[in-house]
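# Descriptive structure summary
Spelled out from the first residue to the last, the chains are:
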Number of protein chains: 2
Amino acid sequence: MQPFFSQRFEKVEPSFIREILKVTTRPDIISFAGGLPNPNLFPVKAIEQACQQVLSEQGAATLQYATTEGYAPLRQYIAERYQTRWGMQVNPDHILITSGSQQALDLLGKVLIDEGQDLIIEEPGYLGAIQAFSVYQPKFRPITLGEEGLDLAALDALLESGTTARLLYGVPNFQNPSGVSYSRANRAALAERLIRHNLLMVEDDPYGELRFEGESIDPVAKLAPENTVLLGSFSKTVVPGFRLGWMVVPAWLHKKVTIAKQATDLHSNAFSQQVLHRFLTTHSLDAHLEKIKEVYGRQRAAMEVALARHCPPSVRWTRPEGGMFLWLTLPESVCAMELFQVAIEEKVAFVPGAPFYVRPDIKNTLRLSFSCVDEATIEEGVQRLARALRKML
Amino acid sequence: MQPFFSQRFEKVEPSFIREILKVTTRPDIISFAGGLPNPNLFPVKAIEQACQQVLSEQGAATLQYATTEGYAPLRQYIAERYQTRWGMQVNPDHILITSGSQQALDLLGKVLIDEGQDLIIEEPGYLGAIQAFSVYQPKFRPITLGEEGLDLAALDALLESGTTARLLYGVPNFQNPSGVSYSRANRAALAERLIRHNLLMVEDDPYGELRFEGESIDPVAKLAPENTVLLGSFSKTVVPGFRLGWMVVPAWLHKKVTIAKQATDLHSNAFSQQVLHRFLTTHSLDAHLEKIKEVYGRQRAAMEVALARHCPPSVRWTRPEGGMFLWLTLPESVCAMELFQVAIEEKVAFVPGAPFYVRPDIKNTLRLSFSCVDEATIEEGVQRLARALRKML
């Protein structure tokens, strides 16, 4: 038959990263490209026990249809952790369990974004958010993300220019792709602007629990709870394969996102919610996180040492205090997409920065992931990368 | 802050059924309202074994991020079952695993529906589809569903009236809510119209494997594969809590729905896909289905007997050969919404038909589910229903 598509999907093409990642799975390639948590740190045995316990104790009820909002004890656990970890009062009834944070982005797009409306996003910004929101056809208004956080002068200029933006998306902790965190002062200033300008921030926080260095900083949501939707995820702290995340939603938004969730998939996998809750309540999440942070911290340090040792001085990089990513800025003459081709010949892979920008003019950046590569491999991989880079200079 | 919503969500309100179902969980009420499969028939022990096997054999890999398309061996299994069950050639690469059929509806809405565009749907129609598609703001064009299937004369009239419809949604086997199936002739005539008018049918088939009577009829997708997206689900045949369904997509549509899936939730729960596949390949699905069909068939028969015994002759009902639902048509003077209130006083519940219509003028129908109620309870519940009904006449 004659193909047809909705106007919103007429021009959509497969993500470039998706295509790239196919090359990077070749066994001879050292890959800094993936955004995967380290599977060696997954609590496989504990999950196996939790499956067995949940099924033998609860039986068929664990496998039935369940509520759209999510498993109540899991929501209670999340609320209590906000209390103990951040001193935040979160009502479990305002938590919605989602199929990963990615689904939260889709639901928020559905409920909040009109075609052509301005949407403020970090530059560089998280690709998954750009993809999810793009479906609802906003006009992206990028604001530079610097070492301290969002460029407030640029944000102020935008907010005073008569923007139609009601929504701002950001990842204040160890951002994907840059690894940068917003400082305490930057968050306070941002919260003040959210309130003053009646803006809603989607505060995406998949990495906040993975701080291996420096001091924890309160979420923006603690400063401006009515003006934020706070997203969390178990993908980086426990396992990603369950596709379980959550959103903390202000009261005024809760009913509509729940309806959107119901129309989208009724509810998230009920069995996995119960298994995850069992794992969290029979093991120490903090002890588990310590193991992850020890490994990631060590690997980030190794990557920094290797970059300093092998890269020409014209290359700069961020120094993340947590998370999984580090961001390289190359000399302006070097196009990271072209470098990628040379790097593949040298048998090392990364993600070029281009897809993280909503405007196409910045070409000399790239993302390196240190989560899944041990220290010796990092040293070898960075050597290869530096060799590729030297060919381009 | 000042609440705001996208134009598409400005007027959306919680589903009426959702509110109703809260009342019906009272322990003193006999409920024919729910749309749940019978949990006594869930293969709990086998699922527990499959979890254990998958985790101990495959380890961490089962819990990592996975491909958007879904677990390849599960897609292979589904393709092979279409071959053995229906003699259909389905390419596993054209199968996309979804988070329940509900998600397939959302993805198709995203990729195919423009605001204001006609969308053809059965009357009465599946509420979940109405909800999922409504987000994308089509103009619903209902076509009456009769004992033999779609009203072809009405469909022809619509197709020749200059409709903008490119999409038709239907449930040809044991439809929710009516229990009606399309006859072989009706399917053939429909397939011919799909091809002639360049229409795409979303053929939703969650109940096709639950035929306890009569002869199986080929899916419309077998007759017009390029003009159908065929949806399937494990929710009614294995367990719903995993939220696993699938769509068989024509080649021209596959790339775009995969992109939509990626933007929506990256992929469906990877662990549950593997557990489900393990269950399906270490047990006989057919033997398992026999048990379900035996119970549902017996309960449908009991419901018919009780209806014939207790209801006034002015009440008519469908005679489903499979699935979970039966549809009552009351005398025109009786409003099923009002009957619902009286029935709750009599301690019996059902779903009034109103939410299954996209136009508000039909009030004298209701849905009864026989999946979760044993024969003695059915007899008692139908007595109560008839008592409530007599109060209204």
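In short, a report on the structure. (Residues numbered from 1 in each chain as written. Chains lettered and ligands numbered in written order. Predicted model: local features only at pLDDT ≥ 70, side-chain atom pairs only at ≥ 80, totals over all residues. Heavy atoms only, no water.)

## Here we look at the interface of chain B and chain A
Rules: Contact between two residues is taken to exist if any of their heavy atoms lie within 4.5 Å; hydrogens are not considered. Accessible-area loss on putting two parts together, using a 1.4 Å probe and summing over both, is the definition of buried area adopted here. A side-chain nitrogen of Lys or Arg and a carboxyl oxygen of Asp or Glu constitute a salt bridge if their distance falls within 4 Å. Numbering goes from the N terminus for both helices and strands, where a helix is a DSSP run of H or I of at least four residues and a strand is a run of E of at least two. Each residue receives one of three labels: charged for Asp, Glu, Lys and Arg, nonpolar for Ala, Val, Leu, Ile, Met, Phe, Trp, Tyr, Cys and Pro, and polar for the others, Gly being one of them.
Contacts between the two partners involve 81 residues from chain B, matched on the other side by 81 residues from chain A. Both faces combined, the contact of chain B with chain A buries some 7,100 Å², and carbon together with sulfur accounts for 61% of it. Taken as a group, Met-1, Phe-4 and Tyr-65 of chain B account for 11% of the area that chain B buries against chain A, more than any other trio of residues on that side. Seen at the junction of chain B and chain A, the total is two salt bridges. Per element, the largest residue contribution to the side of chain B that touches chain A is eleven residues, and it comes from helix H9 (residues 251-265) of chain B. Counted by class, the side of chain B that touches chain A contains 38 nonpolar, 26 polar and 17 charged residues.

## As for the nonpolar core
The following threshold applies: What makes a nonpolar core is a set of buried Ala, Val, Leu, Ile, Met, Phe, Trp, Tyr and Cys residues whose side-chain atoms join them at distances within 4.5 Å. Any residue under 20% of the maximum accessible area for its type is buried, any over 50% is exposed, and the rest in between are partly exposed; the area is computed with a 1.4 Å probe on protein chains only.
Leu-253 of chain A together with Leu-253 of chain B are the most contacted members of the largest nonpolar core, which totals 241 residues. Those residues within four positions of Leu-253 of chain B in sequence are excluded, and the remaining contacts are Phe-5 of chain A together with Leu-108, Val-111, Leu-112, Leu-200 and Val-229 of chain B.

## Let's talk about the packing of aromatic side chains
Selection criterion: For Phe, Tyr and Trp, where Trp contributes only its six-membered ring, two rings pair if their centres lie within 6.5 Å, and the inter-plane angle classes them as stacked under 30 degrees, edge-to-face over 60, or tilted in between.
Enumeration over the complete set of coordinates arrives at 22 aromatic pairs over all chains. Aromatic pair Phe-242 of chain A and Phe-271 of chain B: ring centres 5.6 Å apart, planes at 45°, arrangement tilted. Placement of Phe-242 of chain A in the loop between strand S8 (228-233) and strand S9 (245-248) and of Phe-271 of chain B in helix H10 (residues 270-282) is noted, with the two residues assigned to different chains. Residue Phe-271 of chain B is classed as buried on the basis of its relative accessible area, which comes to 0%.

## Description of the state of the cysteines
Basically, it comes down to this: Pairs of cysteine sulfur atoms within 2.5 Å are what we label disulfides.
Taken as a whole and judged by the stated rule, the model has zero disulfides over all chains. Of all cysteine sulfurs in the structure, the one in Cys-51 of chain A sits closest to Cys-51 of chain B, which takes part in no disulfide; the separation is 4.2 Å. Exposure remark for Cys-51 of chain B: the relative accessible area of 1% places this residue in the buried category.

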